[in-house]
Amino acid sequence: QVQLVESGGGLVQPGGSLRLSCAASGRILNIDRMGWYRQGPGKERELVANIPRSGSALYADSVKGRFTISRDNVKNTIYLQMNNLKPEDTAVYFCHAHTLIDMYNYWGQGTQVTVSS
C-alpha cells in the first residue's frame, strides 16, 4: 500500500555533512507520522528522528543539535540533514511511515551511511 525509497547515503569524513531523502508512494494519504531509524553493525535498530504531517519533530539525544528532519507534503518526501557527522553515526538508515487507516508500519530498504577518515 505504501512504498518508501531512501537515497543520499554514502561515505563522508568526520565533521562532514550528508542529506538523506525518503520518497513515499502508493496510499500516501493514509500516512501520519514519518521518521528515520538506523542500525549500526552489531547494534539494535534505534529511532533517530520522527515528524508528524504537521508539527514539531522529535530527535534522539545522540543526534539532537546535529540532525534536522523535514517533510515536504507536496513531494511526499522526508529528509534528514546530517551535520557534524561522527563515526558513531555509521549505520544503515531506514525510512519509516505509520498509517492511520490500518495502523500499519512501513519500512524502506535502507541506505548506508559511513563516517570514516
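Residues numbered from 1 in each chain as written. Predicted model: local features only at pLDDT ≥ 70, side-chain atom pairs only at ≥ 80, totals over all residues. Heavy atoms only, no water.

Engineer: Help me out: how do you make sense of the pairing of strand β11 (residues 111-115) in this one?
Structural biologist: Regular strands place side chains that alternate from one sheet face to the opposite one. Of the two faces of β11, only one is covered, namely that formed by Thr111, Val113 and Val115; the face formed by Gln112 and Thr114 stays uncovered. As paired elements, strand β2 (residues 10-12) and β11 share three bridges and run parallel to each other. From the neighbouring strand, Val12 faces β11, where its bridge partner is Val115. Pairing between strand β9 (residues 91-99) and β11: three bridges, direction antiparallel. In the strand pairing of β11, Tyr93 is matched with Thr111. (Buried < 20%, exposed > 50% of the residue type's maximum accessible area, 1.4 Å probe, protein only. Helix = DSSP H or I, 4+ residues; strand = E, 2+ residues; numbered from the N terminus. Pairing = 2+ DSSP bridges.)

Engineer: When you look at the state of the cysteines in this model, what are you seeing that I'm missing?
Structural biologist: Two cysteines, two sulfur atoms, one covalent bond between them: this is a disulfide. Enumeration according to the criterion identifies one disulfide in this entry. Note on cysteine connectivity: Cys22 is disulfide-linked to Cys95, with sulfurs 2.0 Å apart. With the S-S dihedral at roughly -85 degrees, the linkage between Cys22 and Cys95 falls on the left-handed side. A residue pair is termed long-range when its members are at least 10 positions apart, and Cys22 in strand β3 (residues 18-26) and Cys95 in strand β9 qualify at 73 residues. Comparing Cys22 with Cys95, the two get one shared label, buried. (Disulfide = S-S within 2.5 Å.)

Engineer: It is not clear to me how the sheet that holds strand β7 (residues 67-72) should be interpreted in this structure. Could you clarify?
Structural biologist: Strand pairing within a sheet occurs via backbone hydrogen bonds; the two strands may be parallel or antiparallel. Overall, antiparallel pairing links the four strands, which are arranged β1-β3-β8-β7 in an open sheet. The open sheet has two free edges, formed respectively by β1 (2-7) and β7, since each of these has just one partner strand. The mean angle between the axes of side-by-side strands here comes to 15 degrees, regardless of whether they run parallel or antiparallel. (Axes fitted to C-alpha atoms, helices over the stretch in contact; angles between N-to-C directions.)

Engineer: How should empty space enclosed by the protein be read in this particular structure?
Structural biologist: It is a probe the size of a water molecule, rolled over the atoms, that shows where empty space is left. For the coordinates displayed, the defined rule picks out two cavities of 30 Å³ or more. Here the largest cavity defines a volume of roughly 70 Å³. Looking at the largest cavity, the residues that line it are Ala24, Ile28, Ile31, Met34, Arg53, Arg71, Asp72, Asn73, Asn76 and Thr77. The set of elements that each furnish at least two residues to the lining of the largest cavity consists of β4 (31-39) and β7. In this structure, the second largest cavity encloses a volume near 50 Å³. Every residue along the wall of the second largest cavity is listed here: Arg38, Gln39, Gly40, Lys43, Glu44, Glu46, Glu88, Thr90 and Ala91. Residues of the lining of the second largest cavity, tallied by class, amount to one nonpolar, three polar and five charged. (1 Å grid on protein atoms, 1.4 Å probe; cavity = no way out; pocket = protein on both sides within 12 Å on 5 of 7 lines; lining within 4 Å. Points joined across faces, edges and corners; volume = space filled by probe spheres on them. Nonpolar A, V, L, I, M, F, W, Y, C, P; charged D, E, K, R; others polar.)

Engineer: How should the environment of Val63 be read in this particular structure?
Structural biologist: One can find Val63 in the loop between β6 (58-59) and β7. A relative accessible area of 0% places Val63 in the buried class. Through-space distance from the C-alpha of Val63 to that of Val48 is 7.1 Å; in sequence the pair is 15 residues apart. When sequence neighbours within four positions are dropped, the list of residues in contact with Val63 reads Arg38 and Val48. (Contact = heavy atoms within 4.5 Å.)

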